[in-house]
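Here are the chains, one letter per residue:
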Amino acid sequence: MSDSSTRERNYVNMQVNPCKMCMPMGGSLALKGIRGAMTIIHGSQGCSTYIRRHMAAHFNEPVDIASSSLSEEGTVYGGAKNLKIGIANLVEMYKPEVVGVLTTCLAETIGDDIERIIREVRKIGDFSDVDLIPIATPGYAGSQAEGYFSTIRAITKYYSEKNMPRKEGSHQKVNVIVSNATCEDIRELKRIFNVMDIDATIVPDISDVLDAPYMEEYQKLSSEGTPKEAFEQMRYAKATVELGDLVDHRYSTAAYLEDNYGVKSYRLPLPIGINNTDKMMRVLAEIRQKELPEAINKERGRLIDGMIDAHKHSALGVIAVFGDMDLVYGISALLLENGMKIHLAATGTAQKKFKEQLQSLADCYDQSLTIFQDTDFETIHEAIHDSEVNLMIGHSDGKFIWEKEGIDFIRVGFPVHDHVGAQRKLMMGYRGSLFFLDEIVNHLLDQKHINYRKRMYDAYYLQKEVAE
Ligand code: SF4
C-alpha cells in the first residue's frame, strides 16, 4: 500500500492508476540505446504491446520489441519452449549483435530460469555472433527506474566479465550513465563534454536511435547507439558519472564498477537547476583537473540572468510535480531555487531516499510540501483537488486531472503520448534549465494575463456590493 494513502476507499491494498511504469519498460528503453540490440520480453504478449505502444507514442519512432508470448500452456508447464523459439526467430529476422532477454511478472512468478534457458538455446543453434544477455526485470518488483538502471548494470557486468583486454585510451574515458534524459538532453550533455574536452562514453545513447532523422527506408535495427565494445572497456575508465542518484546502490552501474574494478564513482542528481548543474560541473572540473571553460561560465551567467528576469513572476507558481523520482527531484530543485511553492511532489517509485533527500532540500528553503512516494494518480488527484495548485508538471498520465480540474499542465518525463516533441525537450545543464524555467514562468504569466480582467471585475463588483 502506498505510504501516501490517507484517504478512505472501499478497497484496500491496491493502487488506481499507479504513477509509474514497470521494470521491463525501463529495461526496454535502456536496450534501445545499445547499437545493434534487440529486446525480447519473456512473458505475455500484453507486456510487450504495452511497452511498444508507450515508447512509439512518446518518441514517434517505430519500436520493435519481441515477445515469448506466454499463454496458458507456458504458464502451467514453463515458458522455456516459447522463449527458445522466440529468440531463434528474433535472431533470424533481425540479425542483432545483442539480445536483451527481459523477464516480466509472469516469467518470474512461474520461476523460469532464463540463464539456463539461454544456455540451452545456444546448444540448439549457431548463436556465436550474438550476445544473449539475461536481465531480471520482474514488473512487480520496482518501477521503470529500477528496470532502467538494473539493465545497464546487467549489460555492463556481462561485458566486463568477458575480460577483454584494455584498448589504447580507455583509461582516459569517462563513463556517463544518465536517467530520464531526452534525446536532446543527451545531445546537450555530449556538447558539454566536448566543450570540457572530456572523452565520454554515454551509456546508453538513445539520442539518434529514438530521435532519428527522416529516412526513406525503414531500418529494422538502428546503426546508432552505444556499441558493445564500449561496454567492454567501461571497467578501465577513469571515472563513472551517474546522473540520477536516488535508485538503490544494488542497481547502480557506477557502484558496480567501483566495487569490482575500482573505477571512481560519482553519483549525482540530474543536472536540472543551477545547484544540481553546479554539482555536475564541479565533478567534471575535478575529472579534467582544470577550471571550467569560459563557454560554460557564460552559460551559467546566462542562467543567473534568466533567473533574475523571471524572479518577479516565479513566486506566482504553486506547483504539483509528479513522475520518475530523479526527474521529480531535479525539477523540484529548480522550482525551489526560483522561489516557487511546491504543493505536491509525487512519484510511484518506492525508494525512501527520494523522500529523505527532497524533504531535506525543501527544509533548506523553509518550505513545507507534501511528498508522496509509491503513489497513484487517484491519490495525486485528491491532493490537488481544491488546492491552490496553478500548474502541474509531469507526464501524460496526469492528463485526466488536467481535464477534470482545468489546471495548467506542462508535460515532461515519460510517457508523453498526447503531445509531440517530448524527445526534443531540453531541461538539463545550464541551457536546458534556463529554457525550462522560461517555459514554466511563461505558463504562469499567461495565467496572470488571461485572468486579470476577471479578477479586476470580481474585485470591483465585490466592493460595490459591500458599499451598497
Ligand atoms: S506490470 Fe508485469 S504484467 Fe504488467 S506489463 Fe509490466 S511486466 Fe507485464
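Residues numbered from 1 in each chain as written. Predicted model: local features only at pLDDT ≥ 70, side-chain atom pairs only at ≥ 80, totals over all residues. Heavy atoms only, no water.

**Things to note about the overall build of the protein**
Then comes step 1: On a plain count of helices and strands, the protein comes out with 17 helices and 13 strands.
Then comes step 2: For the protein, the C-alpha radius of gyration of 24 Å lies close to 23 Å, the compact-globule estimate for 468 residues.
Then comes step 3: Considering only C-alpha atoms, the protein reaches an extent of 90 × 60 × 45 Å along its principal axes.
Then comes step 4: In the protein, which comprises 468 residues, the share counted as buried stands at 55%.
Then comes step 5: For the protein, restricting intrachain contacts to residue pairs at least 6 apart in sequence, the fraction spanning at least 24 positions comes to 75%.
Then comes step 6: Of the roughly 20,800 Å² of accessible surface on the protein, 50% is carried by carbon and sulfur atoms.
Then comes step 7: Of the side-chain charges in the protein, 53 are positive and 67 negative, and the distance between the mean point of each set is 3 Å. (Helix = DSSP H or I, 4+ residues; strand = E, 2+ residues; numbered from the N terminus. Rg over C-alpha atoms; globule rule 2.2 N^0.38 Å. Buried < 20%, exposed > 50% of the residue type's maximum accessible area, 1.4 Å probe, protein only. Contact = heavy atoms within 4.5 Å. Areas by Shrake-Rupley, 256 points an atom, 1.4 Å probe, with all protein chains shown as cover. Lys, Arg positive; Asp, Glu negative; His and termini not counted. Charge placed at Lys NZ, Arg CZ, Asp CG, Glu CD.)

**Focus: the sheet that holds strand S9 (residues 318-322)**
Then comes step 1: Read from one edge of the open sheet, 5 strands run S11-S10-S9-S12-S13, paired in parallel fashion. Of all strands in the sheet, those bounded by a partner on one side alone are strand S11 (370-372) and strand S13 (408-411). The average undirected angle you get between the axes of adjacent strands in this sheet is 15 degrees.
Then comes step 2: The sheet strands contacting helix H14 (residues 352-364) are strand S10 (341-346) and S11, and the helix crosses S11 at an angle near 165 degrees.
Then comes step 3: On top of the sheet, helix H17 (residues 429-467) reaches strand S12 (391-394) and S13; it is set at about 165 degrees to S13, its chief contact. (Pairing = 2+ DSSP bridges. Axes fitted to C-alpha atoms, helices over the stretch in contact; angles between N-to-C directions.)

**As for the packing of aromatic side chains**
Then comes step 1: Tallying each qualifying case throughout the model produces 9 aromatic pairs.
Then comes step 2: Ring geometry for Phe59 and Phe414: centres 6.2 Å apart, planes at 35 degrees, overall tilted. A residue pair is termed long-range when its members are at least 10 positions apart, and Phe59 in helix H2 (residues 45-59) and Phe414 in the loop between S13 and H17 qualify at 355 residues.
Then comes step 3: Overall, Phe59 belongs to the buried group, its relative accessible area being 3%.
Then comes step 4: What links up through ring pairs into an aromatic cluster is the set Phe322, Phe377, Phe400 and Phe409.
Then comes step 5: A cation sits over an aromatic face here: Arg411 above Trp402, 4.4 Å from the ring centre. (Phe/Tyr/Trp six-rings, centres within 6.5 Å; stacked < 30°, edge-to-face > 60°. Lys NZ or Arg CZ within 6 Å of the ring centre and 35° of its normal.)

**Topic: the domain arrangement of the protein**
Then comes step 1: Structurally, the protein comprises domain 1 (23-160), domain 2 (170-288) and domain 3 (294-452).
Then comes step 2: Centre-to-centre, using C-alpha coordinates, domain 2 lies 24 Å away from domain 3.
Then comes step 3: With 33 residues of domain 2 in contact, the opposing surface of domain 3 contributes 33 residues.
Then comes step 4: Counting the surface lost from both domain 2 and domain 3, the interface buries some 2,800 Å², and carbon and sulfur atoms represent 58% of this.
Then comes step 5: Of all residues in domain 2, Leu246, Ile272 and Ile274 give up the largest surface area on contact with domain 3, accounting jointly for 28% of the area buried on that side. (Domains from an automatic or database assignment. Buried area = accessible area lost by both parts, 1.4 Å probe.)

**Observations concerning the environment of Val241**
Then comes step 1: Mapped onto the secondary structure, Val241 falls in strand S7 (residues 239-243).
Then comes step 2: The spatial distance from the C-alpha of Val241 to the C-alpha of Asn175 is 6.1 Å, given a sequence separation of 66 residues.
Then comes step 3: With sequence-adjacent residues up to four places away left out, Val241 is seen in contact with Val174, Asn175, Val176, Ile177, Tyr266, Leu268, Val283 and Ile287.

**Section: helix H11 (residues 274-288)**
Then comes step 1: The first and last C-alpha atoms of H11 sit 21 Å apart over 15 residues, in line with the 21 Å expected at 1.5 Å per residue.
Then comes step 2: For H11, the tally of buried residues reaches 11 of 15 residues, placing the bulk of the element in the interior.
Then comes step 3: Along H11, the positions that sit buried rather than exposed are Ile274, Asn276, Thr277, Asp278, Met280, Met281, Val283, Leu284, Ala285, Ile287 and Arg288.
Then comes step 4: A positive phi of about 55 degrees marks Gln289, the residue just after H11. (Expected span 1.5 Å × (residues − 1).)

**Comments concerning the nonpolar core**
Nonpolar side chains tend toward joint burial in soluble globular proteins.
Then comes step 1: Met55, Leu243, Ile331, Leu335, Ile393, Phe436 and Ile440 are the most contacted members of the largest nonpolar core, which has 102 residues in total.
Then comes step 2: Among the elements that line this core, the one with the most residues is helix H13 (residues 325-337), at 9 residues.
Then comes step 3: Leaving out residues up to four positions away in the same chain, Ile440 has contacts with Leu334, Leu335, Met340, Leu391, Ile393 and Ile410.
Then comes step 4: Residues Ile40, Ala80, Val91 and Val121 belong to the second largest nonpolar core, which totals 18 residues. (Core = buried A, V, L, I, M, F, W, Y, C linked by side-chain atoms within 4.5 Å.)

**Details of H14**
Then comes step 1: The terminal C-alpha atoms of H14, which comprises 13 residues, lie 19 Å apart, in line with the 18 Å expected from a rise of 1.5 Å per residue.
Then comes step 2: Listing the buried residues of H14 in full gives Phe354, Leu358, Leu361 and Ala362. Viewed end-on, H14 has its buried residues packed into an arc of 100 degrees, placing them on one side of the element. Pointing more than 90 degrees away from the buried face of H14 are the exposed residues Lys352 and Cys364.
Then comes step 3: Turning to H14, the residues buried within the fold contact H13, S10 and S11. (Arc of directions from axis to C-beta.)

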